[in-house]
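Topology and contacts: notes
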Amino acid sequence: MTKEYVELIYQGKTYKFPVILGTEGEKAFDISNLRQSTGGLITMDPGFANTGSCCSSITYMNGEKGILKYRGIPIEQLAKYSSFKETGYLLVNGALPTRKELNRFSVLLNDQSLVHEDMHTFFQNFPRGSHPMGILSSMVNALRGFYPELQTLEEEINITVTRLLSKIRTLAAMSYKISRGYSVVYPRPDLSYCANFLNMMFDNVVKPYHIDKDVVRALNVFWILHADHEQNCSTSAVRMVGSGRVNLYAAISAGIAALWGPLHGGANQAVIEMLAEIVERGDSVKTIIKKAKDKNDPYRLMGFGHRVYKTYDPRAKIMKEMCDKVLAKLDIHDSLLDIAKELEEVALNDDYFIERNLYPNVDFYSGIILRAIGIPTNMFTVMFAIGRLPGWIAQWKESMDGPNWKLQRPRQIFIGPPEKEYIPIDERK
Ligand code: CMC
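This paragraph deals with the overall build of the chain. Scanning the chain from terminus to terminus reveals 18 helices and 6 strands. Rg of the C-alpha trace for the chain: 24 Å, near the compact-globule value of 22 Å for 429 residues, within the 12% margin. Taken along the three principal axes of its C-alpha coordinates, the chain extends 80 × 65 × 60 Å. Burial status across the chain gives 47% buried among its 429 residues. Within the chain, one finds 51 positive and 48 negative side-chain charges whose respective centroids are separated by 2 Å.

Structure, rendered in structure tokens:
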């Protein structure tokens, strides 16, 4: 709290609301008693662009300056020095682990890496062509049936959390293998988190998978960059669903479903589809930019714009550099990268994009890295989900632990018809 307050004058009466100050100077005024004190007045903020739903000590982002930090550590440092496993630990537990803590965490992840054999049949019964995000969301929810509720919140946190973090990559790789009709590759305790995932995805009896340390590093960075992003759509879904005191699997399953949308995590798939379509149709970059600017056309430049970032997304900067490195290392020339760079250059010099502060976001270059690694396009958002899992868990944990825990339940202003009489069906016109 600060000594400042905001005054609201309503029907001649003045109401005062205290101003809250964040560590980085962010301010909010607390209206939690607005309705009671004013006799029913609520605020209206569709899309919640001006509404803080919680105080959080997990992630700080500054959309004007392009800053992103997890638990105070800049994303650039984590991308350079950390691993996804370590960053996941940092987010969930609040501090970087000691060597001993990290080793213990690895042991727990290995212990939890297998998926119940009965779950294989679930995969086989999804109709062909089911989207992997729908499958993942269902499978994560189904985990509760296989791993019943634990007694204490502490147990839930220690065991369910590592179980989820470990099993999500096994589930994702299994869904890929089964969807292709290939044999499942089991997790190996001798491999690191990321190498294990790649091996489960791509190893097969005919051609053993060669684990390339630069590809493993790229995957670590990809997942670190996705690990949390404060109160975005899917994280808010996790907090909201979790606020009903549902189990963690169900809350995460809701987060996965929310992430699926093309305006959120699904944008990484949408970007590649957009770029591929441009190449296929031979459209010029100029035509695409014109289409994206046309008010009468719903077409948008996917991978551009962000609700919070009004400058270059710091994750996109790292992703772009990583993209060049991975393609060079794997000796791949991807025409989609050429188109992406051309689109970026034209958009960043176009008044429409300049005036609206539209810059590339994390999804603009990430799909090109995933393609180079061999991940199929319809699995891109699953890759985002694996990366975002530590963030969702940290946010869920914070919301359950916190002193301000409350069932989340927004209000509305009703604009439908006032009371009407019920008309029996035969009398209706
Ligand atoms: N292409 C063309 N115009 C755009 C775009 C775009 N990608 N994004 C925003 N605009 C325009 C929009 O038409 C509007 O123009 P006007 O003021 O003339 O009506 C203005 O910019 C503001 O857009 P908005 O939709 O009100 O802004 P928002 O904050 O609600 O939208 C967004 C943010 C991410 C939904 C939007 O920028 C978008 O649809 N981008 C494309 C999808 C995408 O890349 N999503 C991934 C986001 S990053 C991953 C994640 O963290 O989830």
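With that settled, the discussion passes to the state of the cysteines. Counting across every chain of the model gives 0 disulfides. Free cysteine: Cys194, not disulfide-bonded; nearest cysteine sulfur from Cys323 at 17 Å. In this structure Cys194 comes out as buried when scored by relative accessible area, which is 1%. Unpaired in terms of disulfides, Cys233 finds its nearest cysteine sulfur in Cys54, a separation of 15 Å. Here Cys233 falls in the partly exposed class, since its relative accessible area comes to 47%.

Our focus in this paragraph is the sheet that holds strand 2 (residues 13-21). One open sheet accounts for 3 strands, arranged 1-2-3; its pairing is antiparallel. Across the chains shown, the open sheet's two edge strands, defined by having one partner strand only, are strand 1 (5-10) and strand 3 (27-29). Averaged over all adjacent pairs, the angle separating strand axes in this sheet is 30°, with direction ignored. Bridge count between strand 1 and strand 2: 6 bridges; the pairing is antiparallel. By the bridge assignment for strand 2, Tyr5 is matched with Pro18.

What follows deals with the packing of helix 3 (residues 84-93) against helix 18 (residues 380-401). Close contact between helix 3 and helix 18 brings their axes to 8 Å; oriented N to C, the two are set at 15°. Here helix 18 runs roughly parallel to helix 3, going by the angle between their axes. Seen along the crossing, helix 3 lies across helix 18 with a hand that is right-handed. Contact residues: Phe84, Gly88, Leu91, Val92 and Asn93 in helix 3; Ile386, Gly387, Pro390, Gly391, Ile393, Ala394 and Lys397 in helix 18.

What follows concerns the packing of aromatic side chains. Scanning the model with the defined rule gives 14 aromatic pairs in all. Judged by centre distance (5.9 Å) and plane angle (80°), the rings of Tyr193 and Trp223 are edge-to-face. Taken as a pair, Tyr193 in helix 8 (residues 193-202) and Trp223 in helix 9 (residues 213-226) lie far apart in primary sequence, 30 residues in all. Exposure class is identical for Tyr193 and Trp223. Each is buried. When the centroid spacing of 5.6 Å and the interplanar angle of 45° are considered together, the rings of Phe202 and Tyr209 count as tilted. Overall, Phe202 belongs to the buried group, its relative accessible area being 15%. Here the basic side chain of Arg169 rests over the ring of Tyr193, its NZ or CZ set 4.3 Å away from the ring centre. The aromatic ring of Trp405 is capped on one face by Arg245, whose charged end is 4.1 Å from the ring centroid.

Another point: the site of the ligand. For the ligand, the set of nearby residues contains 19 residues, the closest of which are His264, Lys295, Arg300, Leu301 and Gly303. Contacts to the ligand include Arg300, whose side-chain N or O atom sits 2.8 Å from an oxygen atom. Gly303 places a polar main-chain atom, nitrogen or oxygen, 2.8 Å from an oxygen atom of the ligand. Taken by itself the ligand offers 940 Å² of open surface, and the protein chains cover 77% of this. Looking at the shell around the ligand residue by residue, the class counts come to 8 nonpolar, 5 polar and 6 charged.

Calculation notes
- Residues numbered from 1 in each chain as written.
- Predicted model: local features only at pLDDT ≥ 70, side-chain atom pairs only at ≥ 80, totals over all residues.
- Heavy atoms only, no water.
- Helix = DSSP H or I, 4+ residues; strand = E, 2+ residues; numbered from the N terminus.
- Rg over C-alpha atoms; globule rule 2.2 N^0.38 Å.
- Buried < 20%, exposed > 50% of the residue type's maximum accessible area, 1.4 Å probe, protein only.
- Lys, Arg positive; Asp, Glu negative; His and termini not counted.
- Charge placed at Lys NZ, Arg CZ, Asp CG, Glu CD.
- Disulfide = S-S within 2.5 Å.
- Pairing = 2+ DSSP bridges.
- Axes fitted to C-alpha atoms, helices over the stretch in contact; angles between N-to-C directions.
- Parallel < 35°, antiparallel > 145°, perpendicular 65-115°, else oblique.
- Left-handed = near helix turned anticlockwise from the far one by under 90°.
- Contact = heavy atoms within 4.5 Å.
- Phe/Tyr/Trp six-rings, centres within 6.5 Å; stacked < 30°, edge-to-face > 60°.
- Lys NZ or Arg CZ within 6 Å of the ring centre and 35° of its normal.
- Near = heavy atom within 4 Å.
- Polar contact = N/O pair within 3.5 Å; in protein donor to acceptor, adjacent residues only side chain to side chain.
- Areas by Shrake-Rupley, 256 points an atom, 1.4 Å probe, with all protein chains shown as cover.
- Nonpolar A, V, L, I, M, F, W, Y, C, P; charged D, E, K, R; others polar.

These values are about where atoms sit, not about what they do.
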